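So you can see what is in the structure, the chains are spelled out below.
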Amino acid sequence: MSDLTTLRLYGNSESDIQQAALMLKDGKIVAFPTETVYGLGASVFNPEALKHVFEAKGRPADNPLIAHVSSIEEIALLAEDIPEDAKLLARAFFPGPLTIVLHAKKEIPREATGGLDTIAIRMPNHPIALQLLKLSGPLCAPSANISGRPSPTNAYHVLEDLDGKIDAVLDGGQCTVGIESTVIKLSPSPIILRPGMISAEQIEAVLKKNVEVVQKGETHIQSPGMKYRHYSPKAHLHLCSTHEEFEGLIRKYPQAMKLSLHVSTQFGDIFPLKEHTYYDILRSADIKGVSDIIILFPIEERVLKSALFNRIEKALGQQ
Ligand code: AMP
Ligand code: MG
């Protein structure tokens with residue numbers, strides 16, 4: 001799977017979207033934009049195409065995929081015994097960066113579920129993705145990167161990793177959210193398996209009940225894919241929480257790239273730590289051959305910015 005010619009298609013062209021949809025219906029694998037990150041799409045009902053997605057990404061076979069739909073009604077094509085809470089969440093947050101784990105219909109190929117009896121489903125909030133999905137039908141779409149690398153937030157990132165390994169990329173510019181969806185499982189009780197921009201508090205407000213967040217060290221029990229190291233640049237990451245530690249690390253690694261939630265001129269050039277630019281900064285560090293990245297992330301901000309902090313912990317291999 002490394003001798004394909006990857007076709008460049010453009011999301012501002014209706015005929016290019018149609019071509020991408022035809023390719024997907026024909027069993028091809030095509031990367032497309034969503035509001036979170038670019039996904040590598042394959043038809044949910046085509047096990048061969050799904051296998052190609054795992055091969056192209058180098059993704060472990062037990063890491064299940066997220067199925068994408070173009071409407072709330074389409075969920076019924078993929079899942080059964082849908083609980084009332086899932087309907088409430090879909091009405092409140094679809095389309096948007098929330099993935100709901102539901103009981104899979106028996107006709108869903110095991111390649112889509114990683115062999116589980118559940119399937120993760122979301123409806124992306126992106127006009128090009130929704131138009132494509134309307135024409136192609138439901139698509140499984142993990143992030144369109146090599147497994148373990150920072151997720152792709154533009155078409156150039158996709159090609160960096162997958163040029164020659166996938167059939168096409170549909171270019172829709174920059175992703176606006178920039179980190180992956182919140183993943184939630186509802187039974188026996190609501191638990192967030194992966195934090196994202198939709199928070200536990202927002203979900204609690206809709207469900208009117210307590211929502212747990214999976215604890216460090218338990219993620220692999222609930223969500224098989226989360227046990228792997230993820231989202232990592234080639235550089236070593238150094239995480240600290242205070243200005244004093246930050247200064248100490250800068251002295252130790254004077255050539256390091258620096259990232260901070262709050263940019264101040266006192267430490268020289270610092271990149272702002274923001275969800276929608278985070279992966280792009282990590283990828284630019286790789287291109288520049290940066291060997292160390294120092295991240296200042298105060299303890300008191302780690303709960304409020306739990307999605308971003310989770311990606312940093314994952315890159316450190318700490319969760
Ligand atoms: P990615 O496609 O790379 O954004 O990763 C998908 C995430 O959703 C992984 O962390 C998976 O473990 C999780 N996921 C997908 N399907 C399921 C499922 N059926 N049960 C629990 N977690 C899931
Ligand atoms: Mg991924």
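Below, the structure is looked at part by part. Please read these numbers as outputs of a predicted model, since none were measured by experiment.

## Regarding the overall build of the protein chain
Counting its secondary structure elements, the protein chain contains 12 helices and 16 strands. Taking 2.2 N^0.38 as the reference for a compact globule, 319 residues should give roughly 20 Å; the C-alpha atoms of the protein chain span a radius of gyration of 19 Å, in line with that estimate. With 319 residues in all, the protein chain has 58% of them scored as buried. A sequence separation of at least 24 residues applies to 68% of the contacts in the protein chain between residues at least 6 apart. As presented, the protein chain carries roughly 13,800 Å² of accessible surface, and 53% of it is formed by carbon and sulfur atoms. When the 33 positive and 38 negative side-chain charges of the protein chain are each reduced to one mean point, those points stand 2 Å apart.

## Thoughts on the sheet that holds strand β16 (residues 292-296)
Read from one edge of the open sheet, 4 strands run β13-β16-β14-β15, paired in parallel fashion. The open sheet has two edge strands with one neighbour each: β13 (236-240) and β15 (271-272). Its contacts with the sheet put helix α10 (residues 243-252) on β13, β14 (257-260) and β16, and the angle it makes with β16 is roughly 170°. On the sheet, helix α11 (residues 275-288) packs against β14, β15 and β16 and is oriented at approximately 170° with respect to β14.

## Some remarks on the side chain of arginine 302
Within the secondary structure layout, arginine 302 lies in the loop between β16 and α12 (306-315). Buried within the structure, arginine 302 lacks any salt-bridge partner; its nearest side chain of opposite charge belongs to glutamate 245, at an N-O separation of 6.4 Å. A distance of 2.8 Å separates a polar side-chain atom of arginine 302 from the backbone oxygen of phenylalanine 297. The contacts of arginine 302, once residues within four sequence positions are left out, are Leu239, Cys240, Ser241, Phe297 and Phe309.

## Examining the side chain of aspartate 167
With respect to the element layout, aspartate 167 can be found in the loop between α7 (155-162) and β9 (168-171). Salt bridges are absent for the buried aspartate 167, whose nearest opposite-charge side chain, lysine 28, sits at 5.4 Å. A distance of 2.8 Å separates a polar atom in the side chain of aspartate 167 from the backbone nitrogen of isoleucine 29. If we skip the residues at most four places from it in the chain, aspartate 167 touches Leu4, Thr5, Thr6, Leu7, Met23, Lys28 and Ile29.

Calculation criteria
Residues numbered from 1 in each chain as written. Chains lettered and ligands numbered in written order. Predicted model: local features only at pLDDT ≥ 70, side-chain atom pairs only at ≥ 80, totals over all residues. Heavy atoms only, no water. Helix = DSSP H or I, 4+ residues; strand = E, 2+ residues; numbered from the N terminus. Rg over C-alpha atoms; globule rule 2.2 N^0.38 Å. Buried < 20%, exposed > 50% of the residue type's maximum accessible area, 1.4 Å probe, protein only. Contact = heavy atoms within 4.5 Å. Areas by Shrake-Rupley, 256 points an atom, 1.4 Å probe, with all protein chains shown as cover. Lys, Arg positive; Asp, Glu negative; His and termini not counted. Charge placed at Lys NZ, Arg CZ, Asp CG, Glu CD. Pairing = 2+ DSSP bridges. Axes fitted to C-alpha atoms, helices over the stretch in contact; angles between N-to-C directions. Salt bridge = Lys/Arg side-chain N within 4 Å of Asp/Glu carboxyl O. Polar contact = N/O pair within 3.5 Å; in protein donor to acceptor, adjacent residues only side chain to side chain.

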